[in-house]
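Residue strings, one per chain:
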Amino acid sequence: MNILLFGRGVISTLYGWTFEKAGHNVTFYVRPGRSAEYGSHVHLDILDVRRGTQRKHVDENWALRMVEELPADHSYDLILVSVQSWQFAEVAKFLESRTGKATILIFNNFWCDPEEAARGLPKDQVAWGFPLAGGAFHSNVLRGAIFASVNFGIFSGSLTRSEVEARKLFRDCGFKISEKANFRDWLWIHFATNAGVMSQAVHAGSMESVMGSFGEAREAALTLREILPVLRARGLSLRQNSMELAPFRIPSYLFAGGMVAAFFFSRPFQAVVGSGDHKEEIRRTVMSVLQEAAELGIETPRLRRAGNRLGSLRA
């Protein structure tokens, strides 16, 4: 398969490496001038746990193929898009006239309606998923982890040819597929969960500080509780999403205990959280949910305190 990764971000680089190792042709699209900035190689220092408990430590220089143009008549079979949520609208607009015959696999976080965000792309060529991988760049070294499965989802109906082909690609590369029904709700719950944890990171100083401390993680759980009415007001069904909403409803000490245990006992989890600079992602995630709560007239005092602190930090 001829695959284009949009941007040389963490997710694109991690999955691009797995695609190439499985025998696919992998190219990165980067903005004009970025090829020289990035250089011809990236050093991978990652954990690959696709083989279950037999984790593999990857320590290698990987040569990249990059292009700075994307013609309308390209020959790519699949284009993977995984960018920050606030960048997606610009990327989708760019791709509208450049989809060709490719499957557009969207591996993205959303707080807006995802289908509306991608309305300019051919619906029958779009597949939806979410990565289970992550990390951070340190200069030209990528430290992180790739988990054994990836999430895929649909909004309604049966799978299209493009959705089937996207899933087959990942299965062929050694991944398990985790299917998420009603993918819009799942994405919103995931975004809101991030907002709750990230709001506490504003006070604790980092994501690692929240996930490594029972007290900080418990405070994050209490913030999730006050975000739950925002999700309900958006029209999200509490009954249909009972499993996904468990972190918002279980006792805060259970949430905190589970998060801290996962962080301390999982090296891949630690590698994904990493020590990268998440400041802008934290700010935008927290403020997006806070703004929605305000527009809906829902009080979120814990989230508001984090928002006020973010405002003072920027001042």
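All values derive from a computational prediction rather than experimental measurement.

Examining the pattern of salt bridges
Logical step 1: Within this structure, the stated rule accounts for 16 salt bridges.
Logical step 2: With its nearest N and O atoms 3.5 Å apart, the salt bridge here joins K21 to E60. Residue K21 is found in helix α1 (residues 10-21), and its partner E60 is found in strand β4 (residues 56-63); the two are separated by 39 residues along the sequence.
Logical step 3: In this structure, the salt-bridge partner of K123 is E115, at a minimum N-O distance of 3.9 Å.
Logical step 4: For K123, a relative accessible area of 65% corresponds to the exposed category.
Logical step 5: Here the residues in one salt-bridge network are E280, R283 and R284, joined through shared partners.

As for the packing of aromatic side chains
Aromatic ring pairs are defined here through the distance separating the ring centres and the angle between the ring planes.
Logical step 1: What the rule picks out here adds up to 21 aromatic pairs.
Logical step 2: An aromatic cluster of at least three residues, connected via ring pairs, comprises F88, F110, W128, F130, F155, F183 and W186.
Logical step 3: Sitting above the plane of the F175 ring, R50 keeps its charged end 5.2 Å from the centroid.
Logical step 4: Sitting over the ring of W188, R234 keeps its end group 4.3 Å from the ring centre.

Let's talk about the packing of helix α8 (residues 214-233) against helix α12 (residues 279-296)
Logical step 1: Contact geometry for α8 and α12: axes closest at 10 Å, N-to-C directions at 65°. By the angle class used here, α8 and α12 are roughly perpendicular. Seen from above, α8 lies across α12 with left-handed handedness. From α8, I227, V230 and A233 reach across to α12, where they touch V289, E292, A293 and L296.
Logical step 2: For the contact of α8 with α12, the class distribution of residues is six nonpolar, no polar and one charged.

Quick word on the pairing of strand β1 (residues 2-6)
Logical step 1: Along β1, five of the five residues are buried, which leaves the element largely enclosed by surrounding structure.
Logical step 2: Both β1 and strand β2 (residues 25-29) contribute to a ladder of five bridges, which runs parallel. Each bridged residue has a counterpart across the sheet, and for I3 the counterpart in β2 is V26.
Logical step 3: Note on the crossover from β1 through α1 to β2: the handedness is right-handed.
Logical step 4: Pairing of β1 with strand β6 (residues 78-81), which is carried by four bridges, proceeds in the parallel orientation. When the bridges of β6 are listed, L4 appears paired with I79.

What counts, and at which threshold
Residues numbered from 1 in each chain as written. Predicted model: local features only at pLDDT ≥ 70, side-chain atom pairs only at ≥ 80, totals over all residues. Heavy atoms only, no water. Salt bridge = Lys/Arg side-chain N within 4 Å of Asp/Glu carboxyl O. Helix = DSSP H or I, 4+ residues; strand = E, 2+ residues; numbered from the N terminus. Buried < 20%, exposed > 50% of the residue type's maximum accessible area, 1.4 Å probe, protein only. Phe/Tyr/Trp six-rings, centres within 6.5 Å; stacked < 30°, edge-to-face > 60°. Lys NZ or Arg CZ within 6 Å of the ring centre and 35° of its normal. Axes fitted to C-alpha atoms, helices over the stretch in contact; angles between N-to-C directions. Parallel < 35°, antiparallel > 145°, perpendicular 65-115°, else oblique. Left-handed = near helix turned anticlockwise from the far one by under 90°. Contact = heavy atoms within 4.5 Å. Nonpolar A, V, L, I, M, F, W, Y, C, P; charged D, E, K, R; others polar. Pairing = 2+ DSSP bridges. Right-handed = clockwise from strand over helix to strand, strands pointing away.

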